[in-house]
Amino acid sequence: MTNINRYADRFSHSKYMVQTKFFRIFGGAFYVFNAEGQPVLYSDQKRFRLREDISLFSDESKRAELLRIRTQSILDISGAYDVHDSTSDERVGTLKRGGLKSTFVRDYWEVRDPEGNFIGTIQEDSALKGVIRRFFEYASLLMPQTYHVTIGNQEVARFSQRFNPILMKLDVDFSSDSQQRLDRRLGLA
């Protein structure tokens, strides 16, 4: 059995929950759980890097890297993050930040296919809430974020932050994507 087949089921669920690791001082570590609460991915992101390089592993041992997310350039307000399947060395797609619009108003990302073609968007729920969250440090604790992922004119996923002042928890829901228009690997990245 190849690594591709062995780990493919981790990306076959319609619902996930992402949670940061408790008591992490330097770096961003998080777990991805399936709907049954089983851990399916783990990431241990290093802080203070000029070029972001994020790996998602099969578990906390970090022996099997499944996805790699890397920025295309060092400093770029419209940063583009290439997503690669580490088991097949396949480029899954690119997530491109929406520049100044995404910095000051609300988060906005372009979703691109493996060839770099625009296929959809990821957008924060509300411009007003987005502005408030950016200018008032603790506002995000009281107003959790929701993101809508759209491919074509169809919403295919929703990311909803849970109200939790201690741990960041994010529900990822692909259940509206019955035709699987969005590769789950790209959606989880």
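Described in the following lines is the structure provided in the data block. These figures come from a predicted structure and were not determined experimentally.

**Points about the sheet that holds strand β6 (residues 80-85)**
On the basis of which strands lie adjacent, the closed barrel formed by 12 strands has the order β1-β2-β3-β4-β5-β6-β7-β8-β9-β10-β11-β12 and antiparallel pairing. Adjacent strand axes in the sheet meet at a mean angle of 20°, parallel and antiparallel pairs treated alike. Across 6 bridges, strand β10 (residues 146-151) lies against strand β11 (residues 154-161) in antiparallel orientation. In the strand pairing of β11, Thr 150 is matched with Glu 155.

**Details of the side chain of Asp 44**
Positionally, Asp 44 belongs in strand β3 (residues 39-45). A polar side-chain atom of Asp 44 sits 3.0 Å from a polar atom in the side chain of Lys 62.

**Quick word on unusual backbone geometry**
Positive phi is not limited to glycine here, since Lys 62 has a value of about 60°. The exposure class of Lys 62 is partly exposed, given its relative accessible area of 36%. Although it is not a glycine, Gln 180 adopts a positive phi angle of roughly 50°. Looking at the element boundaries, Gln 180 is found in the loop between β12 (169-173) and α5 (184-188). Judged by its relative accessible area of 51%, Gln 180 is exposed.

**Overview of the nonpolar core**
Ranked by size, the top nonpolar core spans 33 residues in total, and within it Val 32, Leu 41, Ile 122, Phe 159, Val 172, Leu 182 and Leu 188 carry the most contacts. When sequence neighbours within four positions are dropped, the list of residues in contact with Leu 41 reads Arg 10, Phe 11, Phe 30, Tyr 31, Val 32, Leu 56, Phe 57, Ser 58, Leu 66 and Leu 188. With 5 residues, the next largest nonpolar core counts Met 17, Ala 29, Tyr 31 and Phe 33 among its residues.

**Concerning the pattern of salt bridges**
Applying the stated criterion across every chain, the model contains 13 salt bridges. One salt bridge connects Lys 62 with Asp 44, and the closest N-O pair in it is separated by 3.0 Å. With a gap of 18 residues between them, Lys 62 in the loop between β4 (53-57) and β5 (65-71) and Asp 44 in strand β3 connect regions that are remote in the sequence. For Asp 44, a relative accessible area of 18% corresponds to the buried category.

**Observations regarding the pairing of strand β7 (residues 90-97)**
With 6 bridges connecting them, β6 and β7 associate as antiparallel partners. By the bridge assignment, Asp 85 is partnered in β7 with Glu 90. Remark: 4 residues form the turn of the hairpin made by β6 and β7, two consecutive strands paired antiparallel; Asp 89 in that turn has positive phi of roughly 60°. Of the strand pairs in this sheet, β7 and strand β8 (residues 108-112) are connected by 4 bridges, and their pairing is antiparallel. If you follow Leu 95 over to β8, its bridge partner there is Val 111.

The rules behind the values
- Residues numbered from 1 in each chain as written.
- Predicted model: local features only at pLDDT ≥ 70, side-chain atom pairs only at ≥ 80, totals over all residues.
- Heavy atoms only, no water.
- Pairing = 2+ DSSP bridges.
- Helix = DSSP H or I, 4+ residues; strand = E, 2+ residues; numbered from the N terminus.
- Axes fitted to C-alpha atoms, helices over the stretch in contact; angles between N-to-C directions.
- Polar contact = N/O pair within 3.5 Å; in protein donor to acceptor, adjacent residues only side chain to side chain.
- Buried < 20%, exposed > 50% of the residue type's maximum accessible area, 1.4 Å probe, protein only.
- Core = buried A, V, L, I, M, F, W, Y, C linked by side-chain atoms within 4.5 Å.
- Contact = heavy atoms within 4.5 Å.
- Salt bridge = Lys/Arg side-chain N within 4 Å of Asp/Glu carboxyl O.

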